[in-house]
Amino acid sequence: RWSRGLGDVYKRQTKNTAWETAAVDDFNGDGRADVVLRNRDDGRWSMTMLSGTAIVDAGLVDMTRNLDIRVLETADYNNDGRADILMRHVSDVYETIRWVMYQLDGTTVLEARQPDVTKNQDWKPVVD
């Protein structure tokens, strides 16, 4: 598993304290950790592809700006060699709880969908 410490190092370089590390995984399939940051004020997402400490590419990612939807887990859900992001709405209102899965290729969203998964907040994903 990738270290969230990489995200903390990159976040310090942005000098904008509104950006927080949301995920660290290999989102472009090059075998190296990449960092996803989220702006806690406006919900924007940013991704930086890394090669060691060198920035290979970076950009905003077109994902939900709803601040009640949070990253739960990253994994290669579609077996394409690149990490995807599973998110969940954190509301306590049963009817508004939903899951969102983004399949990514770097900063490009290949597909976004809402899988029909339980709304019960007690259930958590297990990724193997």
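Conventions used here
- Residues numbered from 1 in each chain as written.
- Predicted model: local features only at pLDDT ≥ 70, side-chain atom pairs only at ≥ 80, totals over all residues.
- Heavy atoms only, no water.
- Pairing = 2+ DSSP bridges.
- Helix = DSSP H or I, 4+ residues; strand = E, 2+ residues; numbered from the N terminus.
- Axes fitted to C-alpha atoms, helices over the stretch in contact; angles between N-to-C directions.
- Core = buried A, V, L, I, M, F, W, Y, C linked by side-chain atoms within 4.5 Å.
- Buried < 20%, exposed > 50% of the residue type's maximum accessible area, 1.4 Å probe, protein only.
- Contact = heavy atoms within 4.5 Å.
- Polar contact = N/O pair within 3.5 Å; in protein donor to acceptor, adjacent residues only side chain to side chain.
- Salt bridge = Lys/Arg side-chain N within 4 Å of Asp/Glu carboxyl O.

**Let's talk about the sheet that holds strand β5 (residues 69–75)**
Across the sheet, four strands lie side by side as β5-β6-β7-β8; this open sheet has antiparallel pairing. Looking along the sheet, the strands with just one partner apiece sit at the ends: β5 and β8 (108–113). When strand polarity is set aside, the average angle formed by the axes of neighbouring strands in this sheet is 25°. Where strand β7 (residues 99–105) and β8 come together, five bridges link them in antiparallel fashion.

**What about the nonpolar core?**
With 16 residues, the main nonpolar core has Phe-27, Val-36, Met-63, Met-87 and Leu-104 as its most contacted residues. Elements supplying a minimum of two residues to this core: β1 (19–25), β3 (45–51), β6 (84–89) and β7. The contact partners of Met-63, leaving out residues within four places of it in the chain, are Trp-45, Ile-85, Met-87, Tyr-102, Leu-104 and Val-109.

**As for the pairing of strand β4 (residues 54–61)**
As defined by bridge partners, β3 adjoins β4 across seven bridges and the pair is classed as antiparallel. Looking at β4, one finds that Thr-48 is bridged to Ala-58. Between β3 and the antiparallel strand that follows it, β4, lie two residues; Gly-52 among them carries a positive phi value of about 70°.

**Side note on the sheet that holds β1**
Taken in spatial order, the four strands of this open sheet run β1-β2-β3-β4, and their pairing is antiparallel. Every interior strand has two partners, whereas the edge strands, β1 and β4, have only one. The mean inter-strand angle of the sheet, taken between neighbouring strand axes irrespective of direction, is 20°.

**Quick notes on the side chain of Arg-82**
When you line up the elements, Arg-82 lands in the loop between β5 and β6. The class of Arg-82 is buried, set by a relative accessible area of 19%. At 3.3 Å, the side chain of Arg-82 and the backbone oxygen of Leu-104 are in polar contact. Beyond its immediate chain neighbours, meaning those up to four positions away, Arg-82 contacts Asp-26, Phe-27, Asn-28, Gly-29, Ala-75, Asp-76, Leu-104, Asp-105 and Leu-110.

**Digging into the pattern of salt bridges**
In this structure the tally under the stated criterion is five salt bridges. Asp-105 serves as the salt-bridge partner of Arg-82, at 3.7 Å between the closest nitrogen and oxygen. Taken as a pair, Arg-82 in the loop between β5 and β6 and Asp-105 in strand β7 lie far apart in primary sequence, 23 residues in all. Take Asp-105: its relative accessible area is 33%, and that puts it in the partly exposed class. Between Arg-113 and Glu-111 there is a salt bridge, and its shortest N-O distance comes to 3.4 Å. Residue class for Arg-113 comes out partly exposed when judged on its relative accessible area of 39%. The structure contains a network of salt bridges with shared partners spanning Asp-80, Arg-82 and Asp-105.

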